[in-house]
Amino acid sequence: MGIEVFNNCESLINKDGQQIDKDKMATAVGRLGKVLQEKDDIKLAACLDVDFLPFLKAMEFAALSISE
C-alpha cells in the first residue's frame, strides 16, 4: 500500500527536494519479489528491515511535512 501511495503522490512528496528515491524504491521492490519467491523468512525479514522500514519512515516524515 505504501508503494502505491508513493507512486500516486511522488510529485507532492518530492516537491521540495528528493525525500524518497524512486530508483532505490524500485530496486527494493525487485529484491522483495525475489525474496518472496524464495520463501526464506530470514531473508524476508532482512529485506523488510533494510529496504522497506526506511521507506516507510520516509513516507511518515513526508506525510507529516505535507500536513503541516
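All right, on to the nonpolar core then. Ranked by size, the top nonpolar core spans eleven residues in total: Ile13, Ile20, Met25, Ala28, Leu32, Val35, Cys47, Phe52, Phe55, Met59 and Ala62. When contributions to this core are tallied by element, the ones reaching two or more residues are helix H2 (22-38) and helix H3 (41-67). A total of five residues in this core trace back to one element, the largest contributor, which is H3.

Next up on the list: the environment of Ile20. Considering the arrangement of structural elements, one finds Ile20 in the loop between helix H1 (2-13) and H2. In the structure, Ile20 is positioned 34 residues away from Pro54 in sequence and 9.6 Å away in space, judged by C-alpha atoms.

Our focus in this paragraph is the layout of surface pockets. The space that makes up the largest pocket amounts to roughly 200 Å³. Sorting the residues of the lining of the largest pocket by element identifies H2 and H3 as the ones contributing at least two each. Among the elements that take part in the lining of the largest pocket, H3 stands out by supplying five residues, more than any other. The residue inventory of the lining of the largest pocket, partitioned by class, reads seven nonpolar, one polar and four charged.

So, how was this worked out
- Residues numbered from 1 in each chain as written.
- Predicted model: local features only at pLDDT ≥ 70, side-chain atom pairs only at ≥ 80, totals over all residues.
- Heavy atoms only, no water.
- Core = buried A, V, L, I, M, F, W, Y, C linked by side-chain atoms within 4.5 Å.
- Buried < 20%, exposed > 50% of the residue type's maximum accessible area, 1.4 Å probe, protein only.
- Helix = DSSP H or I, 4+ residues; strand = E, 2+ residues; numbered from the N terminus.
- 1 Å grid on protein atoms, 1.4 Å probe; cavity = no way out; pocket = protein on both sides within 12 Å on 5 of 7 lines; lining within 4 Å.
- Points joined across faces, edges and corners; volume = space filled by probe spheres on them.
- Nonpolar A, V, L, I, M, F, W, Y, C, P; charged D, E, K, R; others polar.

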